[in-house]
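Architecture and fold: a report
Each chain, written out:
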Amino acid sequence: MWSKPKVVGDVPPITRAHTAVLVDKRIFIIGGGDGPTYYNETYYFDTSPCPALPPLRFRPNSLPAVSLTWVKPPIFGPTPSRRRAHTAVLYEHQIIVFGGGNGAHALNDVHALDVSDVDHLEWRPVDVAGPKPTSRGYHTMNLVGSKCVIFGGSDGTECFSDVWILDLVRMRWSEVKPEVGSTAYPRLSHTSTCVGSYLFVIGGHDGVNFSSDILLFNLVTLAWETRNSYGAAPSARGYHATTLQDSRLLVVGGFDGASVYDSGFCLELGGSAFLPQITNFS
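Conventions adopted
- Residues numbered from 1 in each chain as written.
- Predicted model: local features only at pLDDT ≥ 70, side-chain atom pairs only at ≥ 80, totals over all residues.
- Heavy atoms only, no water.
- Helix = DSSP H or I, 4+ residues; strand = E, 2+ residues; numbered from the N terminus.
- Buried < 20%, exposed > 50% of the residue type's maximum accessible area, 1.4 Å probe, protein only.
- Contact = heavy atoms within 4.5 Å.
- Areas by Shrake-Rupley, 256 points an atom, 1.4 Å probe, with all protein chains shown as cover.
- Pairing = 2+ DSSP bridges.
- Axes fitted to C-alpha atoms, helices over the stretch in contact; angles between N-to-C directions.
- Salt bridge = Lys/Arg side-chain N within 4 Å of Asp/Glu carboxyl O.
- Phe/Tyr/Trp six-rings, centres within 6.5 Å; stacked < 30°, edge-to-face > 60°.
- Lys NZ or Arg CZ within 6 Å of the ring centre and 35° of its normal.

1. Remarks on the overall build of the protein chain
Regarding its fold elements, the protein chain presents zero helices and 23 strands. Out of the 282 residues in the protein chain, the part that is buried amounts to 41%. For the protein chain, contacts bridging at least 24 residues in sequence account for 51% of all contacts bridging at least 6. As presented, the protein chain carries roughly 15,400 Å² of accessible surface, and 53% of it is formed by carbon and sulfur atoms.

Shown next as structure tokens:
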């Protein structure tokens, strides 16, 4: 069931290609843009009910009238440049931001937002050793233990198929070298969702066409695998959202270059019950 809750506070401007990272009960929104406008502001959306409201009263077959709060907090430290189509993950007490584009060119810098004290948020530039990935946006970044796995993306000219590892303990980049003769899967505007020891990559654009493929990246062997899927699959699309809920992947929305979708799909993983069993690996 969809609902549209009442919100209060400093509502951010209309944006797309921003990031949204959950920190406790706050969703931190970083950057994004609208048309030719790019942002580097940070907001957070407090999903706790507004304390000024009276106690909630539930009515049969209805949702409570909850007010949720937008906040534009003061942030210390050097703010990253304006960008959208970047990625962000929460590691320990920091939001790690990588890449994106600023309207003139793609980026490959790394920044960290210290969120350990919500009353004293602070940006910190991050120096990462090792050869860097090509500047890019519309890639994906998944946190696996203390490592970020970056896949695909585009610099506005080329669609990438490479996989990179950002080690957040050693602060070092390394590229996953594909086996000789293995198939390359260029993708941008796809989704990548961690399920046990696999990344499920769904849809996106391969530089020529939008895709409806499901690709599995094995985090143990660091190699691609394919699986057959059945049922009424979503059509080829990118710019959608995917999330794991129990043993289901939920896919919502998307765009195929002509049509914008508001539909939702559910990929049942029950038949692949072995997938989440390996959770500790290096």
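2. Some points on the sheet that holds strand β15 (residues 163–167)
Here we have four strands laid out as an open sheet, ordered β13-β14-β15-β16, and antiparallel in their pairing. The strands lining the two open edges of the sheet, one partner per strand, are β13 (140–144) and β16 (172–176). On average, each strand axis in the sheet is tilted by 25° relative to the strand beside it, whichever way the strands run. When strand β14 (residues 147–151) meets β15, the two strands line up antiparallel, connected through five bridges. Counted as the bridge partner of Cys148 is Leu166 from β15.

3. So, the pattern of salt bridges
On inspection of all chains with the given rule, the structure shows eight salt bridges. Across the pair Arg124 and Glu122 runs a salt bridge whose closest N-O atoms are separated by 3.7 Å. Judged by its relative accessible area of 24%, Glu122 falls in the partly exposed class. In this structure, Asp162 and Arg136 form a salt bridge, with 2.8 Å as the shortest nitrogen-oxygen distance. Of this pair, Asp162 sits in the loop between β14 and β15 while Arg136 sits in the loop between β12 (121–125) and β13, and the two are 26 residues apart along the sequence. Of the two residues, Asp162 and Arg136, neither departs from the other in class, the shared state being buried.

4. A few points about the packing of aromatic side chains
Using the criterion set out here, one finds 11 aromatic pairs in the structure. Ring geometry for Trp164 versus Trp173: centroids 6.3 Å apart, planes at 90°, classification edge-to-face. Across the pair, exposure class does not vary: Trp164 and Trp173 are buried alike. What links up through ring pairs into an aromatic cluster is the set Tyr138, Phe210, Tyr239 and Phe255. The ring of Tyr38 has Arg84 lying over it, and the distance from NZ or CZ to the ring centre is 4.1 Å.

5. Describing the sheet that holds strand β18 (residues 198–205)
Here four strands make up an open sheet; going across it, the order is β17-β18-β19-β20 and the pairing antiparallel. With one partner strand each, in any of the chains shown, β17 (191–195) and β20 (223–226) form the two edges of the open sheet. Neighbour-to-neighbour, the strand axes of the sheet open up by a mean angle of 30°, direction not taken into account. Pairing between β18 and strand β19 (residues 210–218): seven bridges, direction antiparallel. Bridge assignment links Val201 to a residue of β19, and that residue is Leu215.

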